[in-house]
Amino acid sequence: MNLPPAKKTAMPDAEVSIDLAMVRELIAVQAPHWAHEEINYLATGWDNEVYRLGDTLLIRLPRRQLGEDIGVKERRWLPQLAQDSGVDIDLAIFEGQPTSSYPFTFSICPYVPGISAARLNRKERDEYAQEFSGLLKALHQPANSKEPRSDFRGCALSQVDERTREQISTLDLPLQSAALELWQEALDAEVYGGSLVWLHGDPHPSNTVVDGEEPSLTVSLIDYGDLCVGDPASDLGMCWMHFSSAGIGQAFEAYGIAVGSPTWRRARGWGLRYAMMTANLGADDLLGIVGRETLNSLLGSSV
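Residues numbered from 1 in each chain as written. Predicted model: local features only at pLDDT ≥ 70, side-chain atom pairs only at ≥ 80, totals over all residues. Heavy atoms only, no water.

Colleague: What is the right way to read the side chain of D47 from this model?
Modeller: Within the secondary structure, D47 is located in the loop between β1 (39-44) and β2 (48-53). Residue D47 is classed as buried on the basis of its relative accessible area, which comes to 16%. (Helix = DSSP H or I, 4+ residues; strand = E, 2+ residues; numbered from the N terminus. Buried < 20%, exposed > 50% of the residue type's maximum accessible area, 1.4 Å probe, protein only.)

The following block contains the structure:
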């Protein structure tokens, strides 16, 4: 099977320079009660740089305007999600303000211990299929607002039809046929008509943190930048990104959704979209590996 070739991950350029000295200065001036804590660089993402603050906290600093928009959105809506769902979400406990040397707001949040689920193989991820399903089901509570909405998460699949077909057209011809058939089945499924529910928006393995071992395994979701309200099938499509066939079955059974049902078919369509969006990331990019595995699972064999 010829999947899309892996490319070098093209991380967007930073729009602002961030370094350890600047972060220490921001904390010393704006949050001096934490100034005695050790601060260490942790990671650079597409939208934020992240630093450890002591043993229990993180500092998330936007490296471009989109990161700022995401931070504002999370601080606005995550408390409402936590209230509506009852899920213990690691909310920001401090909001830093722009300065003459740094133009964005930033957040201090609890540190979520564990490892990225993207570092596990599918059989290992199957271990948390039911826990993951339970977490999504707990989040998927009717929202007390019609906002925030998204044009590419939680919406009707018809809204992303054109873009999805463009992505499918980049596959080799044998794969295009299988992908178009799967996608059409998702489009033909009954459109979601239930209450708008809260969605994480992007619960892929790289946004999933796993801690402990069975039977005391805990699963947490991080990075709620795509938080929105809409069709739960959007989040459930990520089951194809996480699990083997067995794990997918366990997750849907735990959620209470039958294989072949309209929700299942829409979710599988979302799974194809997510796979297409990530499959051409770098050869060593963990999410790219997940995306290529997912395409192979969806188009190379029956799931």
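Colleague: I'm lost on the sheet that holds strand β6 (residues 115-116) in this one. Help?
Modeller: Consider a sheet: its strands pair through backbone hydrogen bonds, and that pairing is either parallel or antiparallel. Taken together, three strands build an open sheet; the order of strands is β6-β8-β9 and the sheet is antiparallel. Two strands in the sheet have a free side with no partner beyond their single neighbour: β6 and β9 (218-221). The strands touched by helix α4 (residues 129-139) are β8 (208-211) and β9; relative to β9, the strand with the most contacts, the crossing angle is about 45°. (Pairing = 2+ DSSP bridges. Contact = heavy atoms within 4.5 Å. Axes fitted to C-alpha atoms, helices over the stretch in contact; angles between N-to-C directions.)

Colleague: Just checking my understanding: could you explain the nonpolar core for this structure?
Modeller: Generally speaking, soluble globular proteins have nonpolar side chains that are buried together. One finds Y128, F252, L272 and L299 to be the most contacted residues of the largest nonpolar core, which totals 59 residues. With seven residues, the top contributor of residues to this core is helix α10 (residues 262-278). Setting aside anything within four residues of it in sequence, one finds F252 in contact with L236, C239, W240, I257, W264 and A267. Counting residues in each nonpolar core, the second largest holds 19 residues, with V23, A31, Y51 and F94 among its members. (Core = buried A, V, L, I, M, F, W, Y, C linked by side-chain atoms within 4.5 Å.)

Colleague: Looking at this model, I keep getting lost on the pairing of β1. Mind explaining?
Modeller: The side chains of a regular strand alternate, first on one face of the sheet and then on the other. Across five bridges, the pairing between β1 and β2 is antiparallel. Within β2, the position partnered with A43 by the bridge is V50. Connecting β1 to the antiparallel partner β2 that follows it, the hairpin turn spans three residues.

Colleague: Help me understand helix α5 (residues 161-168), please; the structure alone is not making it clear to me.
Modeller: Each α-helix winds once per 3.6 residues, and so residues spaced three or four apart point in a common direction. Buried within α5 are the following residues: D161, T164, Q167 and I168. The arc that holds the buried residues of α5, viewed along the axis, is 125°, so those residues lie on one side. On its buried face, α5 sits against α6 (173-188) and α10. (Arc of directions from axis to C-beta.)

Colleague: Even after reading the chapter, I still don't get the side chain of R153, so can you show me in this structure?
Modeller: Locating R153 in the fold gives a position in the loop between α4 and α5. A distance of 2.5 Å separates a polar side-chain atom of R153 from the backbone oxygen of G201. Excluding residues within four positions of it along the chain, R153 makes contact with G201, D202, D226, C228, S234, W270, Y274 and M277. (Polar contact = N/O pair within 3.5 Å; in protein donor to acceptor, adjacent residues only side chain to side chain.)

Colleague: I tried to follow the environment of L171 on my own but got confused; where do I start?
Modeller: Looking at the element boundaries, L171 is found in the loop between α5 and α6. Taking the relative accessible area as the measure of exposure, L171 reaches 4% and is therefore buried. When the C-alpha atoms of L171 and M276 are compared, they prove to be 9.3 Å apart, with 105 residues separating the residues in sequence.

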